[in-house]
2 protein chains.
Amino acid sequence: MSFQISSSPRVRRSPFFDSTVADGVTSFTSYNHMLMPTSYGDPVAEYERLIHSVAMWDVAVERQVEISGPDAAELVRVLTPRKLQGLYKGMGWYVPLCDHRGVVINDPILLKLCESKFWYSIADSDMLFWVRAIAAERGFDVEVCEPDVSPLAIQGPLAEDVTAKLLGEEIRSIRRFQFTHFDLNGIPLIVARSGWSHQGGFELYLCNAAKGNDLWALVKEAGKEFGIGPGTPNPQERIESGLLSWGGDTDDQTNPFELGLDRYVDLDVADDVVGIQALRRIRQNGVQRHQLGLSFHNGSTLSLLESRQDVMQKDKRVGFVSAVAWSPRLNRNIGLSLLDRDVAPGDEVTISLSNGQQQLASVCKLPFI
Amino acid sequence: MSFQISSSPRVRRSPFFDSTVADGVTSFTSYNHMLMPTSYGDPVAEYERLIHSVAMWDVAVERQVEISGPDAAELVRVLTPRKLQGLYKGMGWYVPLCDHRGVVINDPILLKLCESKFWYSIADSDMLFWVRAIAAERGFDVEVCEPDVSPLAIQGPLAEDVTAKLLGEEIRSIRRFQFTHFDLNGIPLIVARSGWSHQGGFELYLCNAAKGNDLWALVKEAGKEFGIGPGTPNPQERIESGLLSWGGDTDDQTNPFELGLDRYVDLDVADDVVGIQALRRIRQNGVQRHQLGLSFHNGSTLSLLESRQDVMQKDKRVGFVSAVAWSPRLNRNIGLSLLDRDVAPGDEVTISLSNGQQQLASVCKLPFI
């Protein structure tokens, strides 16, 4: 089914909006109260570019929650059930945020700009309010705001070449989860080796929204010889790589252990860390569900999933499937699901897709690739 | 410009989704991580129905944040800078929620189900997290969840007749901001005299998502003789009536006094109410901005606004316009704006709309009608 998206000031546009329109964007979703491109009308080409060459994505919807002030380090410590001792200035770490029940309420990258200034680069939930609530209730001396910062991602095996051409050879020495400041012809940037794919690349955090279209044009020009083209966070590649879509793959009960995020949770952090008591209890009692892959038996291409569907095993509901896509590299349909702990890799399950057709699938470990 | 909206499990569908599709919905927005219909393709008919007869709206996106337990009343007291002494069981009040800075972070209706159970029926921000944060940090003994509750609105001068036909004559005695429980052929409902228009009507809070299409069909059938048709929260009528669109008309600095919501803020509530100290300071220092109407000089129909635009007075930026629409009843283009306090009704201002054309407008008080 195909419907129009209506625009209004309540759902903001990205600084790259006009450029994405000029480059032929055809569909959007909303994310963090902003429009995010989801297709330029040629999904095959968009996937191929990401896997074999290079793509540029408007991911301005990855908003930043900025925490600054004397208690900034203390606030991020209590917000994050991961030890931050090794997080030095110029580094960005993946830090699932949990509420007091130990439920994942966002899975941002935490960037340390200096000892008294941090950004959470967030997924699709209002962490600005969450962070302000905890800060104010605990009496921390901090400022919490959403700064004028909008990421543009360059992703794919040639992303480093494009970024080096754009910003200089020194970017090749930026390691994974490191970032550094750049000034590109008066465009203020923070450049990180990161991005929501496993194909490698960089994110350019644009720090002046008025320069969005200038930056887009410069990236496009630098990428021309490498075959760059527009793209979006890719539903096929992200399932292959087992990347989490918070709010899609998760529900209001999902804890980090169900998602296999154990290595981002340190149970011996201090007792005042939000959610740590609940996380210790969950770890002790064992999880009730776990995220697993689905490998579909049906050989013809299935549509992307428009809403969650039940996963059945011998007439019993054992969980839900949150994403389905045809994988060109695996030459079959694959999916992501959150299943009861009794369901194990190798099991066979049944899924009723929205067209009413029953699909058989084998449960498997993640990631697929 | 017209683009497709892409569907995914991250943005949920309403229980009425299939019915709205069958009835010809053409466009959606997202709101509280769900799809909300915004048009059935005939804006003139949709407006006329609302003003002169009756319309049915899928407003399932008005999600509920349910607070229950021994400390429920205490929690809603500290979350709300409005005295709740007169809020009895079976009543719902408009209660702007403020953060610790006194900034409006949502403007829900607070429904009192019993002494130990309340719902915030929320606008488009993640109040579930906000409420949980305050509750947990203050150690309140409450459960906070999003229940299975999805409103369907019946709005317009004949809404009462439709609702009486559907549920019985006794609904005529429900007063504004009162609600009561109904069972309609096994469909559990809470029925309130409320809705996001000034044309009168009811909201049926469906308490079982599986019955969405059944309820839609029953309302449609009951409304047939009154000329009911599908509609959506109406951009023209809501500007005429001066109804607030949180997140559209507001920004990250907007306090209730700027919006003329003074009567919903009681400065003498207890000191532990979130934001009350800041609200007292703001009241004492005076507001910097105020929401006002714009009456455009241009007689031809302007498009709905797709993003905020600057409002200029003698080459100085004096605020932003957040909504524009042609008013059939006033026979002119009108808008809503948040302007510096020095700008007063009667002043003339200039607005650059997105097509680059300069528009002249007179500033005026709200509501228009």
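Scroll up to find the structure this text is about.
Bear in mind that the values here come from a model prediction, so they are computed numbers and not experimental data. (Residues numbered from 1 in each chain as written. Chains lettered and ligands numbered in written order. Predicted model: local features only at pLDDT ≥ 70, side-chain atom pairs only at ≥ 80, totals over all residues. Heavy atoms only, no water.)

Novice: Pulling in residues and values, what's your account of the pattern of salt bridges?
Specialist: All names here are of chain A. Evaluation of the coordinates by the stated rule reveals 52 salt bridges over all chains. We note a salt bridge from E160 to R193, for which the minimum N-O separation is 2.9 Å. Of this pair, E160 sits in helix α5 (residues 159-167) while R193 sits in the loop between β14 (187-192) and β15 (201-206), and the two are 33 residues apart along the sequence. What makes E160 partly exposed here is its relative accessible area of 23%. One salt bridge connects D310 with R317, and the closest N-O pair in it is separated by 2.8 Å. For R317, a relative accessible area of 43% translates into the label partly exposed. Among the charged side chains, a salt-bridge network with shared partners connects E160, D161, E169, R172 and R193. (Salt bridge = Lys/Arg side-chain N within 4 Å of Asp/Glu carboxyl O. Helix = DSSP H or I, 4+ residues; strand = E, 2+ residues; numbered from the N terminus. Buried < 20%, exposed > 50% of the residue type's maximum accessible area, 1.4 Å probe, protein only.)

Novice: Go over the interface of chain B and chain A, please, and point to the residues and values.
Specialist: Each partner contributes residues to the interface: chain B has 51 residues there, and chain A has 51 residues. Of the roughly 4500 Å² buried at the junction of chain B and chain A (both faces included), carbon and sulfur atoms supply 55%. For chain B, the biggest contributors to the area lost against chain A are F3(B), R10(B) and F129(B); these three give 18% of the whole. Counting every contact that joins chain B to chain A gives eight salt bridges. (Contact = heavy atoms within 4.5 Å. Buried area = accessible area lost by both parts, 1.4 Å probe.)

Novice: Describe in detail the relation of the copies chain B and chain A, supporting the description with residues and values.
Specialist: Of the transformation placing chain B onto chain A, the axial shift is 0.0 Å and the rotation is 180°, giving an RMSD of 0.0 Å. Taken together, the turn and the small shift mark the pair as related by a two-fold rotation axis. Comparing contact sets, 100% of the residues at the interface of chain B also lie at the interface in chain A, consistent with an isologous, same-surface contact. (Least-squares fit on C-alpha atoms with pLDDT ≥ 70 in both.)

Novice: Describe in detail the pairing of strand β4 (residues 55-58) of chain A, supporting the description with residues and values.
Specialist: Successive residues of a regular strand alternate their side chains across the two faces of the sheet. All names here are of chain A. Here β4 shows two buried faces, one formed by A55 and W57 and the other by M56 and D58. As defined by bridge partners, β4 adjoins strand β12 (residues 150-155) across four bridges and the pair is classed as antiparallel. Residue pairing across strands places W57 opposite A153, the latter belonging to β12. Taken together, the three bridges between β4 and strand β16 (residues 229-231) define a ladder with parallel strand orientation. By the bridge assignment for β16, A55 is matched with G229. (Pairing = 2+ DSSP bridges.)

Novice: Mind laying out the state of the cysteines, listing which residues take part and the relevant values?
Specialist: As used in these notes, a disulfide is a covalent bond between sulfur atoms, one from each of two cysteines. Residues and elements named next belong to chain A. For the structure on display, the rule yields zero disulfides over all chains. With no disulfide of its own, C145 has C207 as its nearest cysteine by sulfur position, at a separation of 12 Å. Overall, the relative accessible area of 27% leaves C207 in the partly exposed class. (Disulfide = S-S within 2.5 Å.)

Novice: A description of the pairing of β14(A) should follow, citing residues and the corresponding values.
Specialist: Residues and elements named next belong to chain A. Counting buried residues along β14, five of its six residues qualify, which places the element largely inside the surrounding structure. With antiparallel pairing between neighbouring strands as the criterion, strand β13 (residues 179-184) and β14 make up a hairpin whose turn holds two residues, including N185 at a positive phi of roughly 50°. Pairing of β14 with β15 involves four bridges; the strand directions are antiparallel. Opposite V191, over in β15, you have L204 as the bridge partner.

Novice: Hey, could you go over the side chain of S30(B) for me, with residue numbers and the actual values?
Specialist: Note that S30(B) resides in strand β2 (residues 27-31). Looking at S30(B), the relative accessible area reads 10%, which means it is buried. If we ignore the near neighbours within four places in the chain, the residues touching S30(B) are R10(A), V11(A), S30(A) and V11(B).

Novice: Which residues make up the packing of aromatic side chains, and what values do they have?
Specialist: Following the criterion strictly, the structure yields 14 aromatic pairs over all chains and no others. A centroid spacing of 6.1 Å and a plane angle of 35° characterise the contact between W119(A) and Y205(A), whose relative ring orientation is tilted. Pair noted here: W119(A) is in strand β10 (residues 117-121) and Y205(A) is in strand β15, with a separation of 86 residues, a long-range link. Under the relative-accessibility criterion, W119(A) is labelled buried at 4%. You can call Y205(A) buried: its relative accessible area is 1%. Aromatic side chains Y94(B) and Y264(B) sit 4.9 Å apart centroid to centroid with 75° between the ring planes, which places their arrangement in the edge-to-face category. Of this pair, Y94(B) sits in strand β6 (residues 92-94) while Y264(B) sits in the loop between α7 (235-240) and α8 (276-285); the two residues are 170 residues apart in sequence, bridging distant segments of the chain. Judged by its relative accessible area of 17%, Y94(B) falls in the buried class. (Phe/Tyr/Trp six-rings, centres within 6.5 Å; stacked < 30°, edge-to-face > 60°.)

Novice: Can you break down empty space enclosed by the protein residue by residue, with the values?
Specialist: By rolling a water-sized probe across the atoms, one finds the places where empty space is left. Scanning all chains against the criterion turns up three cavities of 30 Å³ or more. Taken as a whole, the largest cavity holds about 130 Å³ of empty space. As for the largest cavity, its lining consists of 16 residues, of which S30(A), H33(A), D124(A), S30(B) and H33(B) are closest to the centre. Among the elements of the structure, β2 (27-31) of chain A together with β2 of chain B are those that each provide at least two residues to the lining of the largest cavity. Empty space within the second largest cavity amounts to approximately 50 Å³. Around the second largest cavity sit G92(B), I109(B), L111(B), F177(B), Q178(B), F179(B), A192(B), S194(B), E203(B) and Y205(B), which together line it. Among the elements of the structure, β9 (109-114) and β15 (201-206) of chain B are those that each provide at least two residues to the lining of the second largest cavity. (1 Å grid on protein atoms, 1.4 Å probe; cavity = no way out; pocket = protein on both sides within 12 Å on 5 of 7 lines; lining within 4 Å. Points joined across faces, edges and corners; volume = space filled by probe spheres on them.)

Novice: Break down the sheet that holds strand β16 (residues 229-231) of chain B for me, with residues and values.
Specialist: Neighbouring strands of a sheet are bound in pairs by backbone hydrogen bonds; such pairs are parallel or else antiparallel. Residue and element names in this part refer to chain B. With mixed pairing, the six strands of this open sheet are ordered in space as β13-β14-β15-β12-β4-β16. Where the open sheet ends on each side, the last strands, each with one partner, are β13 (179-184) and β16. Averaged over all pairs of adjacent strands, the angle between their axes in this sheet comes to 30°, without regard to strand direction. Against the sheet, helix α5 (residues 159-167) engages β12 (150-155), β13, β14 (187-192) and β15, with an angle of about 40° to β15. (Axes fitted to C-alpha atoms, helices over the stretch in contact; angles between N-to-C directions.)

Novice: Please give an account of the environment of L267(B) that cites residues and values.
Specialist: Residue and element names in this part refer to chain B. Mapping L267 onto the fold places it in the loop between α7 and α8. Taking the relative accessible area as the measure of exposure, L267 reaches 28% and is therefore partly exposed. In this structure the C-alpha to C-alpha distance between L267 and L184, which are 83 residues apart in sequence, comes to 42 Å. Setting aside residues up to four positions removed in sequence, L267 forms contacts with F257, I276, L279, R280 and R283.

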